[in-house]
Amino acid sequence: MTAVISAVNLSKWYGNVLGLNDVSLEIEAGITGLLGPNGAGKSTFMKLATGQLKPNIGTVAIHGRRTWNAPDLFRTVGFCPEPDAFYEDVTGFEFVAGLLRFYGFPKKEIGERAARALDIVDLSKDRDRLIRGYSRGMRQRVKFAQAIAHDPEVLILDEPLSGLDPLGKRKLIKLIKGFKDEGRTVLVSSHVLPEIEALTSQVVLVHQGKVLAQGDVPYIRDLIEAHPHMISVRSSDPRRLAARFVGDPAVLKMTFGADGRTLVVETRNRDHLFGGLTAAVLEAGIEVEEISSPDDNLQAVFEYLVGK
Amino acid sequence: MTIRSAAREVFGFFFVLVRRTGRTRTFALLGLIPVALAVVARVFLRGRSGDMAAVSTEILMVFFLQFYIIILALFFGTSIAAEEVENRTLVYLITRPVPKPAIVFGKFAAYSALMGGMTALGLAISFFILNAARLGEPALYATFFRYLGVLVLGILAYTAFFAFLGTVLKRAIILGLVFGFGWETAIQYFPGSTQRFSIVHYLKSLLPYRPGGGGGRGVALLLFRLEPTAPLLAVLALVGITAVFLALTCVLFRAKEYLSED
């Protein structure tokens, strides 16, 4: 397969701050998730890919064409930006239709396309309300509508699911998947793994301006599993609980919390540990009040990968 | 899309958009102050058409020429690029198949049309209230259109200049105020060719020049030391200023990378 979006040795600085560092990447048709914590460089990559920023070093291209100052390219590219920013004094319909004017469609078609895009994101009823009065979820949806209204081949979505309620997220995920089924290319960013996982199996891990890993979700999951996890257990008798795990090969380290009721266990095998906890409750009658996993997030995975 | 057709679409989009902003409403109301002044003058100067013509010229010179079109151009001109960056809406424009110069041309045209409309409205109402006794004279209409033409040329030149400032600087308003109400006010009274480094010099050169008065004491003061440029040259200078600063704005806007706070 040929790459739709390609970056070669791409670097971007904001003054002395490094936004992206020597990134080489090829994104093919289908959905690709750009995954990384806040400030990782996801938005910088997307801004470079959509011609908002000019690379300091390297190139980024869509269909082989460099994106900086290439307006014609955007006939086939749709972009949903992350910031909650709009022309507030227009209605949802005027916003989408107004931006459609820039593609040179006939007036009638502009109206039809805008209406269709707003219908897709369930904003038909509210299309004549000013954006100023929209809820966060509606604003997110109208932003998505403007990105798809011109029927782009390549869709670049920066945190499109943020601010949406669970139902809204589900609908949008279904919609984005529909684009993939039509053979289009979607690049979507998020800092939440389950969101990306719901969308695609192809993931690019970005951290501190670098691509840490690229692969499918099971591979990322494996990385997470290989990462030592901290499990915090609040119990009426943490010392008796700890005694049960001494000698367990899955347990790397145990410490007691300052409150005297918390046991923090570091393990490479979470499932095994949870099994042991269940047994402790059932067999030894140890009361467990709360189980939490303070580092069960992407940041911890990234820190683990960076430190590796 | 060609720059021309894209600019037309940008114009259409922003002409609708800008009319709805609070800023436009405020400036539209401000533009009606001369109407109130004209009504007051008409009440107090009833029957003295010479005095009312003088008030009419004062309104043109002091309010429209030296205040209103400058303040309009300053706020609308600097916002051509800056408001898109500050409001983080630039992304919606530059991720479209629209050449960046078309964004500048389209917004410039939309804002200039709006400013021209607001200025024409205030000028027309106040002018005809004050000159109601002469409505049958064709010369009155020639004067009105001459005034309006001067103001439109002023709007275009100032807006292009301030658009350039807004593209170069992050906080262009302050420098714009210094230019509009400092430099422009002071330099026009300098003798010799120095006054040619102001936009207002060329605008005043297009107005009827009556040394020693004839238009009232205030006008005599404002025209004091004016060494007018020939009308054709003045028009060419104003068109040139507009074209040069608009072209510079386009070049800069195309080359510049805008980083939003996020």
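Please read all numbers here as calculations on a predicted model, not as lab measurements. (Residues numbered from 1 in each chain as written. Chains lettered and ligands numbered in written order. Predicted model: local features only at pLDDT ≥ 70, side-chain atom pairs only at ≥ 80, totals over all residues.)

A. Inspection of the overall build of chain A at higher detail. Within chain A, the secondary structure is distributed over 10 helices and 14 strands. Considered along the principal axes of its C-alpha atoms, chain A spans approximately 75 × 45 × 35 Å. Buried residues in chain A amount to 41% of all 308 residues. Partitioning the intrachain contacts of chain A with sequence separation of at least 6 by distance along the chain shows that 66% fall at a separation of at least 24. (Helix = DSSP H or I, 4+ residues; strand = E, 2+ residues; numbered from the N terminus. Buried ≥ 20, exposed ≤ 12 C-beta atoms within 10 Å, placed from the backbone. Contact = placed C-beta atoms within 7 Å.)

B. Quick look at the overall build of chain B. Counting secondary structure elements, chain B contains 11 helices and zero strands. Listing each helix as α and each strand as β along chain B from the N terminus yields α-α-α-α-α-α-α-α-α-α-α. In terms of overall dimensions, chain B is globule-like: its C-alpha atoms have a radius of gyration of 19 Å, near the 18 Å expected for 262 residues. Taken along its principal axes, the extent of the C-alpha atoms in chain B is 60 × 40 × 30 Å. (Rg over C-alpha atoms; globule rule 2.2 N^0.38 Å.)

C. Examining the interface of chain A and chain B more closely. Contacts between the two partners involve 27 residues from chain A, matched on the other side by 25 residues from chain B. Of all the elements in the fold, those that place two or more residues in the side of chain A that touches chain B are strand 6 (77-80) and helix 2 (92-100) of chain A. The residue makeup of the side of chain A that touches chain B, split by class, is 15 nonpolar, seven polar and five charged. (Nonpolar A, V, L, I, M, F, W, Y, C, P; charged D, E, K, R; others polar.)

D. The arrangement of the sheet that holds strand 4 (residues 57-62) of chain A in detail. Residues and elements named next belong to chain A. The strand order 2-1-4-5 describes an open sheet built from four strands, whose pairing is antiparallel. Both outer strands of the open sheet, strand 2 (17-27) and strand 5 (65-66), are each paired with one neighbouring strand and no more. Pairing analysis gives seven bridges linking strand 1 (residues 5-14) to strand 2, with the strands arranged antiparallel. Note on strand 2: the bridge partner recorded for K12 is L20. (Pairing = 2+ DSSP bridges.)

E. Spatial organisation of helix 3 (residues 33-44) of chain B. Residues and elements named next belong to chain B. Along its 12 residues, helix 3 runs 17 Å from first to last C-alpha, staying within 8% of the 16 Å computed at 1.5 Å per residue. Within helix 3, burial applies to P34, A38 and A41. The arc that holds the buried residues of helix 3, viewed along the axis, is 65°, so those residues lie on one side. The exposed set on the far side of helix 3, more than 90 degrees from its buried face, consists of A36, V40, V43 and F44. (Expected span 1.5 Å × (residues − 1). Arc of directions from axis to C-beta.)

F. Spotlight on the domain arrangement of chain A. Per the domain assignment, the segments making up chain A are domain 1 (5-219) and domain 2 (227-307). Between the C-alpha centres of domain 1 of chain A and domain 2 of chain A the distance comes to 39 Å. (Domains from an automatic or database assignment.)

G. Structural detail: the nonpolar core. If you look at the biggest cluster of nonpolar residues, it comprises 143 residues, and the most contacted ones within it are A:V96, A:A145, B:I69 and B:A73. Once residues lying within four places of it in the same chain are set aside, the contact partners of A:V96 are A:A114, A:A117, A:L118, A:V142, A:A145, A:Q146 and A:A149. In this structure, A:V233, A:L273, A:L277 and A:A280 belong to the second largest nonpolar core, which totals nine residues. (Core = buried A, V, L, I, M, F, W, Y, C linked by C-beta atoms within 7 Å.)

H. Structural context of the sheet that holds strand 13 (residues 262-267) of chain A. Residues and elements named next belong to chain A. As summarised here, the arrangement of the four strands in space is 12-13-11-14, forming an open sheet in which the pairing is antiparallel. Two strands in the sheet have a free side with no partner beyond their single neighbour: strand 12 (251-256) and strand 14 (288-292). Looking at each pair of strands side by side, their axes are set apart by 20° on average, direction ignored. Where strand 11 (residues 229-235) and strand 13 come together, six bridges link them in antiparallel fashion. Residue pairing across strands places M230 opposite E266, the latter belonging to strand 13. Where helix 8 (residues 238-245) meets the sheet, it contacts strand 11, strand 12 and strand 13, and its direction lies at approximately 20° from that of strand 13. Each of strand 11, strand 13 and strand 14 touches helix 9 (residues 270-284); the most contacted strand, strand 11, lies at about 15° to it. (Axes fitted to C-alpha atoms, helices over the stretch in contact; angles between N-to-C directions.)

I. Molecular detail of the pairing of strand 11 of chain A. Residue and element names in this part refer to chain A. Where burial is concerned, the two faces of strand 11 differ: the one with H229, I231, V233 and S235 is buried and the one with M230, S232 and R234 is not. Across four bridges, strand 11 lies against strand 14 in antiparallel orientation. By the bridge assignment for strand 14, S235 is matched with V288.

J. Expanded view of the environment of A:R268. Residues and elements named next belong to chain A. Inspection of the secondary structure assignment puts R268 in the loop between strand 13 and helix 9. Along the chain, R268 and T185 lie 83 residues apart, while their C-alpha atoms are 37 Å from each other. When sequence neighbours within four positions are dropped, the list of residues in contact with R268 reads P228, A250 and L252.

K. Quick look at the environment of A:G58. Residues and elements named next belong to chain A. Its location among the elements puts G58 in strand 4. Using a count of 16 C-beta atoms within 10 Å as the deciding quantity, one classes G58 as partly exposed. Sequence-wise, G58 and P106 are 48 residues apart; in three dimensions their C-alpha atoms are separated by 38 Å. Residues contacting G58, with those up to four places away along its chain left out, are A7, V8, N9, L10 and S11.

L. Representation of the confidence of the model for chain B in the model. All names here are of chain B. Of all residues in chain B, 91% attain a pLDDT of 70 or more, and the chain-wide mean is 88. The model gives residues 212-220 a pLDDT under 50, and that stretch makes 14 contacts with residues more than four places away or in other chains. Interface confidence for the predicted complex, expressed as ipTM, amounts to 0.84; the pTM equals 0.83. (pLDDT = per-residue confidence, 0-100.)

M. Focus on the environment of B:R96. Of note, B:R96 is situated in the loop between helix 5 (90-94) and helix 6 (100-130). Take B:R96: there are 26 C-beta atoms within 10 Å of it, and that puts it in the buried class. Not counting chain neighbours up to four residues away, the residues in contact with B:R96 comprise A:F74, A:L99 and A:F102.

N. Up close: unusual backbone geometry. Residue and element names in this part refer to chain A. One non-glycine residue with positive phi stands out, namely H63, at about 50°. In this structure, H63 sits in the loop between strand 4 and strand 5. Of note, the phi angle at E159 is positive, near 50°, even though the residue is not glycine. Looking at the element boundaries, E159 is found in the loop between strand 7 (154-158) and helix 5 (166-181).

O. Representation of the packing of helix 1 (residues 3-19) of chain B against helix 6 of chain B. Residues and elements named next belong to chain B. Direction vectors running N to C along helix 1 and helix 6 enclose 45°, while the axes themselves pass 7 Å from each other. Here helix 1 is positioned oblique relative to helix 6, judged by the angle of their axes. Note on packing geometry: the crossing formed by helix 1 with helix 6 is right-handed. Where helix 1 abuts helix 6, its residues I3, A6, A7, E9, V10, F11, F14, F15, V18 and R19 lie against P101, A102, I103, F105, G106, K107, A109, A110, Y111, A113 and L114. (Parallel < 35°, antiparallel > 145°, perpendicular 65-115°, else oblique. Left-handed = near helix turned anticlockwise from the far one by under 90°.)

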